[in-house]
Every structure is written in C-alpha cells, then in structure tokens.
Amino acid sequence: LTVPRITPPSRCRAGRAMPKKDDGTKKPASETVPDQRWKLQVFYLCFYGFMTQIRPGESFITPYLLGADKNFTQAEVTNVIMPVLTYSYMAVLVPIFLLTDYLRYKPVLVLQSLSHISIWLLLVLGTSVLAMQLMEFFYGITMAARIAYSSYIFSLVAPSRYQRMASYSRSAVLLGVFTSSVLGQLCITLGSVSFLTLNYVSLGFVSFGLILTLFLERPRRSLFFNRPEGAGDGAAPAELDKMARGDGGGGIRGWQEAALCRMLREVGALARQPQLRLWSLWWVFNSAGYYLMLYYVHILWNEIYPTMDNRQVYNGGVDAASTLLGAGASFAAGYVKIRWTL
C-alpha cells in the first residue's frame, strides 16, 4: 500500500480546539463527529481484520489437494493449479488498487469476502483441475483486495495517527492468522480432524466474515478520488488536488470517462515520484519472493516428508510461529520514530 503524503488539517478535530468566533459556516463532518467515534471504528476494523483471518484449513490446502480427499498429483498442483494464483493476482492487482479508493473501500471488502466463500465452496465441492484453477483465481482476487483493508484505516484517522493505527490493524490481521494456524494445527494433531472438516469450518468463518463486512461503515472520503467539498473546510486535501489542478468534474454525465481519466492521471503522477518508484521496486521483490516461498514451500515439505498421517503435518505450527513474530514486529513499528524520507 502506498500511503500518500497528506497535509494535516489546518484545524483540529472536535474536542481539541474551539474556533475563535462563530461565523455561521457549517462545520465539516470530521469536526462534528464525536472524538470517540473514530476509536470505535478503528476497534471494529481491527476486530474485523482478526476474525476474517480465522481460516484453520488454509495452512493445509496443499496436503489436502495432494491427499486422498482430492487425490491430485504433485505435478498437477505445482504446474497446473498453483500458477493460476500468481498470474490472476498480477492481472487484478492494479484494477482493484484503483477501484478500492474510487469505491471507498467497502465494496472491495465485500468482493473479498465473496471470493473467500467461493474459495472454500470450490475446495469442498470441486473435484476437477478446472475447479481448483478457478479456486486459485478467486484466491488471487482476495490477495489483491487486501489493499482495501490496509488503506481503510487511513480514512478514519488524522494523518498524525497513520503510523500507529496502521500497526494496530496489521497486528490484528497477523494475530488472526496466528490464531487460525494454531487452531488448525491443534485440530489436526490432537483432534485427528480431517482436512475436509477443517475446510467446512473455514467456510463457516468466512461466511461470518461476510456478515461483519456488511456492518463496516463506508467512509465519505478516501485518499485520492473522493475529496470533501469546500476548499476551506479544514479537511485533509487529497493528493489529486495538488496533481490535477482545475479538475471540476463532470457530474453524472460522462462519469465513466471522468473516472478513468482521473485514475490514469493519478497513476502517471505517482509514477513520476522517484521515492515511490524505488519503494514500489522493493515492494515487488518483497511480495514476489514472499508469496513464492509461502505457497510453494508446502509442496517442498510434502516432497521431503510425504503425507501419510495427517497428525504428522505441521504446516499450521510453522505458519503460527512466523505470523506471531510478524504481529509483534508490526505492533512495535507503530511506536518507532521513523524518518520516512530517509
């Protein structure tokens, strides 16, 4: 996620400062909302992020596909099914990134929840290679849509709180993955639960996640395309205001063309920033290496130690250990003084 540099509001939120005089002008929504409201929204968002990660069958998808339940060959999983995830993720990442801000986050989060449900329906009911490829396609959508959750937090708080609130939301997600992995590993090792049963449990949790998504409040503003009206209302101006001066908008008429043009101008403006180009390059190497490791290492584990007894599969334990470390690091990052320009 690229966090733009937004000028802090010229006036504080409600409860922090009083205007010198009442000039009769209408205050923006950001000043009339009680100070506690954003805290409740952040809490619910973190709770949502935690609960939507409870998918105890996720760590065991590869042994599930290679096991007796689905009985796909290792060549099919490695060379035919898995690559669909990589290329579908690459294909939908940029469109979803642009739509996330334009649609103000919530519709993309609903799409992510529906894709999660589709994944586990296909895992439970699908029997063909084509069904598993479609499952991986939906997996690519859910991965690309993660940016909606990551950026949602920035529509709720002032820029001065970005770093700490982002660490909270990220920690909530990783703690959810940790809990999910531990739950899955305990069910496999101690409860002798089958992979299929774990997938049914995961389907129930992702269905609950869709319900939670529906109760998320759709923000009135976002970082780029949904700017608050009025130049002097004290709201944080979007980067697009500084990049595309003179854009008066076309109203309902020609909205498709206007939206597309604004998106293209935004991408072009961002691409001209040297620091952002460098940051994006590092992000590409980081994410590509991480996902290659994450999804293909399960096949390597099965090659080293073929799955004969489900109780001897420790994928969930490994995922739990790594995400617990990540959650701690993410939480600590919110309290570290960072020179972002450096």
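Conventions and cut-offs
- Residues numbered from 1 in each chain as written.
- Predicted model: local features only at pLDDT ≥ 70, side-chain atom pairs only at ≥ 80, totals over all residues.
- Heavy atoms only, no water.
- UniProt positions renumbered as here; feature names shortened; annotations may be inferred.
- Helix = DSSP H or I, 4+ residues; strand = E, 2+ residues; numbered from the N terminus.
- Expected span 1.5 Å × (residues − 1).
- Buried < 20%, exposed > 50% of the residue type's maximum accessible area, 1.4 Å probe, protein only.
- Arc of directions from axis to C-beta.
- Contact = heavy atoms within 4.5 Å.
- Phe/Tyr/Trp six-rings, centres within 6.5 Å; stacked < 30°, edge-to-face > 60°.
- Polar contact = N/O pair within 3.5 Å; in protein donor to acceptor, adjacent residues only side chain to side chain.
- Patch = residues over 30% accessible without salt bridge, like charges linked within 9 Å, V, L, I, M, F, W, Y side chains within 5 Å.
- Areas by Shrake-Rupley, 256 points an atom, 1.4 Å probe, with all protein chains shown as cover.
- Salt bridge = Lys/Arg side-chain N within 4 Å of Asp/Glu carboxyl O.
- pLDDT = per-residue confidence, 0-100.

Q: Got a minute to help me understand the UniProt feature "transmembrane region" (unreviewed entry) in the protein in this structure?
A: Annotation from UniProt places "transmembrane region" (unreviewed entry) at residues 80–99, 108–131, 171–191, 197–216, 281–301 and 313–336. As a span, residues 171–191 carries 90% helix and 0% strand, and end to end its C-alpha atoms are 28 Å apart. What you have in residues 281–301 is 100% helix and 0% strand, and the ends, taken at the C-alpha atoms, are 30 Å apart.

Q: Help me understand helix 13 (residues 315–333), please; the structure alone is not making it clear to me.
A: Over its 19 residues, helix 13 extends 27 Å from the first C-alpha to the last, a length consistent with the 27 Å expected when each residue adds 1.5 Å. Listed in full, the buried residues belonging to helix 13 are Asn315, Gly316, Asp319, Ala320, Thr323, Ala327 and Ser330. The buried residues of helix 13 occupy an angular sector of 115° when the element is viewed end-on, so they sit on one face. Buried residues along helix 13 sit in contact with helix 3 (61–66), helix 8 (162–189) and helix 12 (274–304).

Q: Explain the packing of aromatic side chains here, please?
A: To describe a pair of aromatic rings, one takes the distance between the centres and the angle between the planes. Overall, the coordinates contain eleven aromatic pairs when judged by the stated rule. When the centroid spacing of 4.8 Å and the interplanar angle of 70° are considered together, the rings of Phe154 and Tyr162 count as edge-to-face. Residue classification places Phe154 among the buried residues on the basis of a relative accessible area of 4%. By relative accessible area, Tyr162 is classed as buried at 9%. Judged by centre distance (6.4 Å) and plane angle (50°), the rings of Tyr168 and Tyr335 are tilted. You can see Tyr168 sitting in helix 8 and its partner Tyr335 sitting in the segment after helix 13, a full 167 residues away along the chain. Its relative accessible area of 23% is what places Tyr168 among the partly exposed residues.

Q: I keep staring at the side chain of Thr52 and nothing clicks. Help me out?
A: Tracing the backbone through its elements, the reader meets Thr52 in the loop between helix 2 (37–51) and helix 3. Among the polar contacts made by the side chain of Thr52, one reaches the main-chain carbonyl oxygen of Gly49 at a distance of 3.2 Å.

Q: I'm lost on unusual backbone geometry in this one. Help?
A: Peptide bonds are trans in most cases, and residues, glycine excluded, mostly fall at negative phi. Of note in the backbone geometry, Arg104 takes a positive phi value of approximately 65° without being a glycine. Take Arg104: it is sitting in the loop between helix 4 (74–102) and helix 5 (106–125). For Arg104, a relative accessible area of 22% gives the class partly exposed. Here Tyr105, not a glycine, exhibits a phi torsion of approximately 70°, which is positive.

Q: Is there a simple way to think about the side chain of Ser202 in this case?
A: Mapping Ser202 onto the fold places it in helix 9 (residues 195–214). Apart from the residues lying within four places of it in its own chain, the contact partners of Ser202 are Arg55, Pro56, Gly57, Glu58 and Trp120.

Q: Explain a nonpolar patch on the surface to me, please; I cannot follow it from the model alone.
A: Together, Phe208, Ile211, Leu214 and Phe215 make up a nonpolar patch on the protein surface, roughly 430 Å² of accessible area in all. For Leu214, the position within the fold is in helix 9.

Q: Please explain the confidence of the model for the protein as it appears in this structure.
A: Low-pLDDT stretches of the model should not have their predicted coordinates read in fine detail. Mean pLDDT over the protein works out to 79, with 78% of the residues at or above the 70 mark. Element-level pLDDT for the protein is lowest in helix 1 (residues 29–32), with a mean of 40, against a maximum mean of 96 in helix 5. The model gives residues 1–34 a pLDDT under 50, and that stretch makes 53 contacts with residues more than four places away or in other chains. Taken together, the stretch residues 230–250 has pLDDT below 50 and engages in 38 contacts with residues farther than four places along the chain or on a different chain.

Q: Would you explain the pattern of salt bridges in this entry?
A: Close approach of charged atoms lets side chains of opposite charge pair. All told, the structure shown has two salt bridges when counted by the stated rule. With a shortest N-O distance of 2.5 Å, Glu217 and Arg37 are connected by a salt bridge. Pair noted here: Glu217 is in the loop between helix 9 and helix 10 (239–243) and Arg37 is in helix 2, with a separation of 180 residues, a long-range link. By relative accessible area, which is 31% here, Glu217 ends up partly exposed. Between Arg55 and Glu58 there is a salt bridge, and its shortest N-O distance comes to 3.1 Å. Classification of Arg55 as buried rests on a relative accessible area of 2%.

Q: Mind showing me how you'd approach helix 5 here?
A: Structural remark: α-helix, 3.6 residues per turn; residues separated by three or four positions point the same way. The terminal C-alpha atoms of helix 5 lie 29 Å apart, and with 20 residues this matches the ideal 28 Å at 1.5 Å per residue to within 8%. Of all the 20 residues making up helix 5, 14 are buried; the element is thus mostly covered by neighbouring parts of the structure.

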